[in-house]
Amino acid sequence: MDIMEEREVSFPPAHTAEHLLNQLMIRMFGCERSHDAHVERKKSKITYRLDSKPDRKVEREIERQMNELIEQDLPVTYEMVDRWNLPDDIPLDRLPADAPDTIRLVRIGDYDVCACIGKHVRSTGQIGRFELLGTNWDEKERTFRIRFKVIPR
């Protein structure tokens, strides 16, 4: 998702899970945040550029760590900042040219922070259970697509 893009239909639990998954992938693989995401109530898919295809053991570890993060019940908070004084870890290149001068940062505990105008849950415990439905690897493009859903508790 582009940083400032608002979804026509927003499902806060899955959208918040997208933020967690982005940071988890950054930490596990040293990649960037997703370059293509479709987050919906029934099923979501999110794509990352990686150096190599993760094996099934790593896929299970992604699912395990996501559920561990959710169970930590991390708070989701917001902060309004001047776009010219964003923290160093918030890239300006992902902001649209017509982004406003004031940007909303979404923080998930001390785990993740990014600019976003989407809807989120109040804490990760409200996401429910993260279920990895499957993955696809595109060898030519070096992209790894994760399909997932969140199951309310």
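For the structure, check the block above.
Residues numbered from 1 in each chain as written. Predicted model: local features only at pLDDT ≥ 70, side-chain atom pairs only at ≥ 80, totals over all residues. Heavy atoms only, no water.

**Student:** Teacher, can you tell me more about the overall build of the protein chain here?
**Tutor:** Assigned secondary structure in the protein chain consists of two helices and seven strands. In the protein chain, the succession of α and β elements from N to C terminus is α-β-β-α-β-β-β-β-β. In terms of overall dimensions, the protein chain is globule-like: its C-alpha atoms have a radius of gyration of 15 Å, near the 15 Å expected for 153 residues. Considering only C-alpha atoms, the protein chain reaches an extent of 45 × 40 × 30 Å along its principal axes. Here the protein chain holds 153 residues, and the buried ones make up 47% of them. For the protein chain, the proportion of contacts with a sequence separation of at least 24, taken over those separated by at least 6, is 65%. Surface accessibility of the protein chain: about 8500 Å² in total, with carbon and sulfur atoms responsible for 46%. Here the protein chain contributes 26 positive and 29 negative side-chain charges, whose respective centroids are spaced 7 Å apart. (Helix = DSSP H or I, 4+ residues; strand = E, 2+ residues; numbered from the N terminus. Rg over C-alpha atoms; globule rule 2.2 N^0.38 Å. Buried < 20%, exposed > 50% of the residue type's maximum accessible area, 1.4 Å probe, protein only. Contact = heavy atoms within 4.5 Å. Areas by Shrake-Rupley, 256 points an atom, 1.4 Å probe, with all protein chains shown as cover. Lys, Arg positive; Asp, Glu negative; His and termini not counted. Charge placed at Lys NZ, Arg CZ, Asp CG, Glu CD.)

**Student:** Whenever I open this one, the packing of helix 1 (residues 12–29) against helix 2 (residues 56–71) confuses me. Can you help?
**Tutor:** Packed helices, taken two at a time, are described by the angle their axes make and the gap between the axes. Contact geometry for helix 1 and helix 2: axes closest at 10 Å, N-to-C directions at 130°. The orientation of helix 1 with respect to helix 2, classified from their angle, is oblique. Note that helix 1 runs across helix 2; the crossing there is right-handed. Across the interface between the two elements, A17, L20, L21, L24, M25, M28 and F29 from helix 1 touch V58, E61, I62, Q65, M66, L69 and I70 from helix 2. (Axes fitted to C-alpha atoms, helices over the stretch in contact; angles between N-to-C directions. Parallel < 35°, antiparallel > 145°, perpendicular 65-115°, else oblique. Left-handed = near helix turned anticlockwise from the far one by under 90°.)

**Student:** Would you explain the state of the cysteines in this entry?
**Tutor:** Scanning the entire structure with this criterion turns up zero disulfides. Here C31 is not disulfide-linked; the sulfur of C114 is the nearest cysteine sulfur, at 14 Å. Residue C114 stays outside any disulfide, its sulfur separated by 5.5 Å from that of C116, the closest cysteine. The exposure class of C114 is buried, given its relative accessible area of 7%. (Disulfide = S-S within 2.5 Å.)

**Student:** How should the packing of aromatic side chains be read in this particular structure?
**Tutor:** A ring pair, where both rings are aromatic, is described by two values, the distance of the centres and the angle of the planes. With the rule as written, the count across this model stands at one aromatic pair. Considering the side-chain rings of F130 and F148, the 5.0 Å spacing of their centres and the 25° angle between planes classify their relative orientation as stacked. Of this pair, F130 sits in strand 6 (residues 129–138) while F148 is found in strand 7 (residues 143–151), placing the two residues 18 residues apart along the sequence. Just as F130 is buried, F148 falls in that class too. Note that R83 overlies the ring of W84, its terminal NZ or CZ placed 4.6 Å from the centroid. (Phe/Tyr/Trp six-rings, centres within 6.5 Å; stacked < 30°, edge-to-face > 60°. Lys NZ or Arg CZ within 6 Å of the ring centre and 35° of its normal.)

**Student:** Help me understand helix 1 in this model?
**Tutor:** Think of an α-helix as turning once every 3.6 residues; residues three or four places apart then point the same way. With 18 residues, helix 1 should cover 26 Å at 1.5 Å per step; its first-to-last C-alpha distance of 26 Å lies within 8% of that length. When you tally the buried positions in helix 1, you get 13 out of 18 residues, the bulk of the element. At the C-terminal side of helix 1, G30 shows a positive phi close to 70°. (Expected span 1.5 Å × (residues − 1).)

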